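# Structural description and commentary
Below, each chain spelled out in residue letters.
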4 protein chains.
Amino acid sequence: MYSFDTYVRVEYVDTDKMGVVHNSNYFRYFERARCETMRNIGVNYKDIETAGLIMPVIEQYAKYISPAYYDDLLIVRTTISEFPNVRMRFDYQVLKQQNGAEKLLCQGFNVLAFMKPDSTRPQPCPEWVREKLHKVL
Amino acid sequence: MYSFDTYVRVEYVDTDKMGVVHNSNYFRYFERARCETMRNIGVNYKDIETAGLIMPVIEQYAKYISPAYYDDLLIVRTTISEFPNVRMRFDYQVLKQQNGAEKLLCQGFNVLAFMKPDSTRPQPCPEWVREKLHKVL
Amino acid sequence: MYSFDTYVRVEYVDTDKMGVVHNSNYFRYFERARCETMRNIGVNYKDIETAGLIMPVIEQYAKYISPAYYDDLLIVRTTISEFPNVRMRFDYQVLKQQNGAEKLLCQGFNVLAFMKPDSTRPQPCPEWVREKLHKVL
Amino acid sequence: MYSFDTYVRVEYVDTDKMGVVHNSNYFRYFERARCETMRNIGVNYKDIETAGLIMPVIEQYAKYISPAYYDDLLIVRTTISEFPNVRMRFDYQVLKQQNGAEKLLCQGFNVLAFMKPDSTRPQPCPEWVREKLHKVL
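Residues numbered from 1 in each chain as written. Chains lettered and ligands numbered in written order. Predicted model: local features only at pLDDT ≥ 70, side-chain atom pairs only at ≥ 80, totals over all residues. Heavy atoms only, no water.

A word on the sheet that holds strand S3 (residues 73-80) of chain B. Reading across the sheet, the 10 strands line up as S1(A)-S3(A)-S4(A)-S5(A)-S2(A)-S2(B)-S5(B)-S4(B)-S3(B)-S1(B) and stay open at both edges, with antiparallel pairing between neighbours. At either margin of the open sheet sits one strand with a lone partner, and together these are strand S1 (2-9) of chain A together with strand S1 (2-9) of chain B. When the angles between neighbouring strand axes are averaged without regard to direction, this sheet yields 20 degrees. With seven bridges connecting them, strand S2 (residues 57-64) of chain A and strand S5 (residues 101-113) of chain A associate as antiparallel partners. Along S5(A), the bridge assignment pairs Gln60(A) with Asn110(A). (Pairing = 2+ DSSP bridges. Helix = DSSP H or I, 4+ residues; strand = E, 2+ residues; numbered from the N terminus. Axes fitted to C-alpha atoms, helices over the stretch in contact; angles between N-to-C directions.)

This is the structure we're talking about:
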C-alpha cells in the first residue's frame, strides 16, 4: 500500500451558491492528486502518453461527508492498494486540518485502464511503470 | 418509476486532449438532467431553495463505457425509482443515437439529501414535492 | 451584420459563493453561442476541423454589468459585423428578460484565427465558409 | 508597481481537443494568481468578504500568444500598477521557461470593484487593504 498527500487550495471558482465546493470539483481534485502521486513515484502521466498509451477513467465514485469552503487548504490523500494489471485503482480521502486533527470531508475512488488511443482493448501496465510501482508497493 | 430525457450538446470546453469528454463533465451533465427532470415534474430546484431547503449531493458514481465526442448530441436519461424520504436518488444513462439505435456511453447515479442550510440533520422531502412526485411515480 | 440568439440556462455549477454566475463561465457561454450561431449559418465548427483547420481564440474580453443568477434563462446575442479574412470576430451581449424588457448583463467579444494545427501561420477563411457567410452578411 | 509570480501546473481537465489549455481556463489561472498575490501582500481575499465586502470582476481581457500544454509549469506574473480606489486592476502575464528564457504565452488584465453584497454602489478600498498595499506599492 502506498499513500501520498497532495495539498489543494480551494479556489473561488470551485465554489457554488451553497457557499461550498461544488460536488463535481472533487473529481478534479482527484485527478490532480493522482498525477502528483504518480509523479512522486517517478511516473509522469505525460510520459505514459508519450509512450503511446492513454489511461481513461472507466469508473469513479465520491461520497461527500462534510463541505469544503473557499480558501480551505485541503489534503487529498491518494492510496494505491493493488498492483495494477490492465487497470489501476486509486483511493482518495479529502481531509482538512481542524483543531489539531484531520477531518474527513470526502472519500472516493477511481479506476483507470491502460489503453492504446486507437483500440478499445485494455493493455497491460507498461513494464517501466511496474518497476516504479514495485519500489513503493 | 419515472424517466425523462434531457438533450445535451457536447461543447468544446467539455473535451480534453484525449479528444473526448472529460470524465468530470458527466457529473455536470447529471446535474443539468436532474434539474430538467425535476422541472418536468413541476419541481423547480430554485423553489426548493426559496422554501429554505438545499439538496447537496452526498454520493455519486459514474461508469464510463464509451467516449463522447465534441458536438455529439447526448441523451441523458434520468430515472427516479424510489420515492424520496430524507434522501433522493437519481439514476442516469448517457446515450447517443448511432445507426438507428441508442448506444450507452455512461451510466451513473447520485443521492441527494434534503437539508436546512444551517443544520447537518437531514430533513424530510417537503410535502409539495411529494405531491408532484406522487403524480408521476 | 448578422445576429443570432442562443438561450442558455444558468446551471448550479456555473454559480459561485457570491450566489451569481462566475465571471469565467461567460466565456463558456460565448463559445456555446458562437457554435450555435455558426451552425445556424450552415457552418458546423466540427466540419472546419474535419477540413483540417482549427480556430483558436486569440483574444477575448468581457464587461460585467449586472449579475446572472441560478436558473436564469439568458439570451446570448452573437453578432458578426465584419467579413472574416484570416481572423473572425464575434460580439456578444448576454441579456435577460425582465419586466418585459431586455436587461444587459454582460457584453464582450472574441477574435478567432483560422489556423492549421501544425503551423503558426494564419490561414484564410475557407471558401465554403465564406459562401455561407455571404448569404447572411 | 508590485509583481508576484504564481506557479500553475496545467492539469488534464484544463486541456481541450486541440491538445492545449482551453481559453476560458486562463481566467481561472488569473483568479488563482490574483489571490496568491494578494495573500503575499498580506490581504487574504476571504478576510475582505468576512469584513463585509465582495470584489466582483467587472471587466477582463486575455490575449493568447502561444499555447500551453498538459503538465506545463506556468508562471502567472501578476502586476499591480495603480493604487486602488473603488476599483482595483491586475495585469497578468502567463509565462513558461523554455531554453533558459521566459516565453510569453498569454497576457491579460482584470478590474475588480469593491462592493457591498446588497448594493450596486462601489465602495472605497478598505483602509486595512490600503495599508498593506502602501508597504509594497
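Rotating chain A by 180 degrees and translating it 0.0 Å along the rotation axis places it on chain C, where the RMSD comes to 0.0 Å. Within this description, the copies of the chain are treated as partners about a two-fold rotation axis. Considering only C-alpha atoms, the residue of chain A closest to the rotation axis is Asp16(A), which sits at 1.9 Å. A shared interface surface links the copies, since 100% of the contact residues of chain A are contact residues in chain C too. (Least-squares fit on C-alpha atoms with pLDDT ≥ 70 in both. Contact = heavy atoms within 4.5 Å.)

Strand pairing in a sheet relies on backbone hydrogen bonds. The paired strands run either parallel or antiparallel. Taken in spatial order, the 10 strands of this open sheet run S1(C)-S3(C)-S4(C)-S5(C)-S2(C)-S2(D)-S5(D)-S4(D)-S3(D)-S1(D), and their pairing is antiparallel. The outermost strands of the open sheet, each flanked by one partner alone, are strand S1 (2-9) of chain C together with strand S1 (2-9) of chain D. This sheet shows a mean twist of 20 degrees between the axes of neighbouring strands, independent of strand direction.

The residue Ala62(B) is located in strand S2 (residues 57-64) in this model. You can call Ala62(B) buried: its relative accessible area is 0%. Considering only alpha carbons, one finds Ala62(B) and Glu82(B), 20 residues apart in sequence, at a separation of 19 Å. In contact with Ala62(B), other than residues within four places in its own chain, are Ile58(A), Glu59(A), Gln60(A), Phe27(B), Phe30(B), Cys106(B), Gln107(B) and Gly108(B). (Buried < 20%, exposed > 50% of the residue type's maximum accessible area, 1.4 Å probe, protein only.)

Our focus in this paragraph is the confidence of the model for chain A. Overall, the prediction assigns chain A a mean pLDDT of 97, with 100% of residues at 70 or greater. The complex model carries a pTM of 0.97, and its ipTM stands at 0.96. (pLDDT = per-residue confidence, 0-100.)

This part covers the interface of chain A and chain C. Contacts between the two partners involve 10 residues from chain A and, on the opposite side, 10 residues from chain C. Approximately 950 Å² of surface area, both sides summed, lies buried where chain A meets chain C, with 68% of it carried by carbon and sulfur atoms. Looking at the side of chain A facing chain C, the largest losses of area belong to Tyr12(A), Val13(A) and Lys17(A), adding up to 59% of the total buried there. Linking chain A to chain C there are zero salt bridges. At the boundary of chain A and chain C, one finds four residue pairs in polar contact (both at pLDDT 80 or more). In terms of residue class, the side of chain A that touches chain C is made up of four nonpolar, four polar and two charged. (Buried area = accessible area lost by both parts, 1.4 Å probe. Salt bridge = Lys/Arg side-chain N within 4 Å of Asp/Glu carboxyl O. Polar contact = N/O pair within 3.5 Å; in protein donor to acceptor, adjacent residues only side chain to side chain. Nonpolar A, V, L, I, M, F, W, Y, C, P; charged D, E, K, R; others polar.)

With that settled, consider the relation of the copies chain B and chain A. You can overlay chain B on chain A at an RMSD of 0.0 Å; the transform is a turn of 180 degrees with a shift of 0.0 Å along its axis. When the interface residues of chain B are mapped onto chain A, 100% of them again fall at the interface, so both copies present the same face.

Here we take up the interface of chain B and chain A. Between chain B and chain A, the residue contacts involve 22 residues of the former and 22 residues of the latter. Roughly 1800 Å² of surface becomes buried between chain B and chain A when both sides are summed, with 51% attributable to carbon and sulfur atoms. The interface formed by chain B and chain A holds two salt bridges in total. With a closest N to O distance of 2.4 Å, Lys17(A) and Glu49(B) form a salt bridge.

This next bit is on helix H1 (residues 25-41) of chain A. Residues and elements named next belong to chain A. Between its first and last C-alpha, H1 extends 25 Å over 17 residues, near the 24 Å set by a 1.5 Å rise per residue. Burial within H1 is extensive, with 14 of its 17 residues counted as buried. Gly-42 occupies a position one or two residues after H1 and carries a positive phi of about 110 degrees. (Expected span 1.5 Å × (residues − 1).)

Enumeration over the complete set of coordinates arrives at 47 salt bridges over all chains. Two residues, Glu127(D) and Arg130(D), come together in a salt bridge whose shortest N-O distance is 3.9 Å. With Glu127(D) and Arg130(D) both in helix H3 (residues 127-136) and three residues apart, the pair spans about one turn of that helix. Using a relative accessible area of 48% as the deciding quantity, one classes Glu127(D) as partly exposed. Through salt bridges with shared partners, one network takes in Arg9(A), Asp71(A), Glu36(D) and Arg39(D).

Okay, the packing of aromatic side chains next. Residue and element names in this part refer to chain C. Per the stated rule, a full pass over the model turns up 34 aromatic pairs over all chains. Ring centres of Tyr-26 and Tyr-64 lie 5.2 Å apart, and the angle between their planes is 70 degrees; on these two criteria the pair is classed as edge-to-face. Placement of the pair is Tyr-26 in helix H1 (residues 25-41) and Tyr-64 in strand S2 (residues 57-64), with a sequence separation of 38 residues. Taking the relative accessible area as the measure of exposure, Tyr-26 reaches 2% and is therefore buried. (Phe/Tyr/Trp six-rings, centres within 6.5 Å; stacked < 30°, edge-to-face > 60°.)

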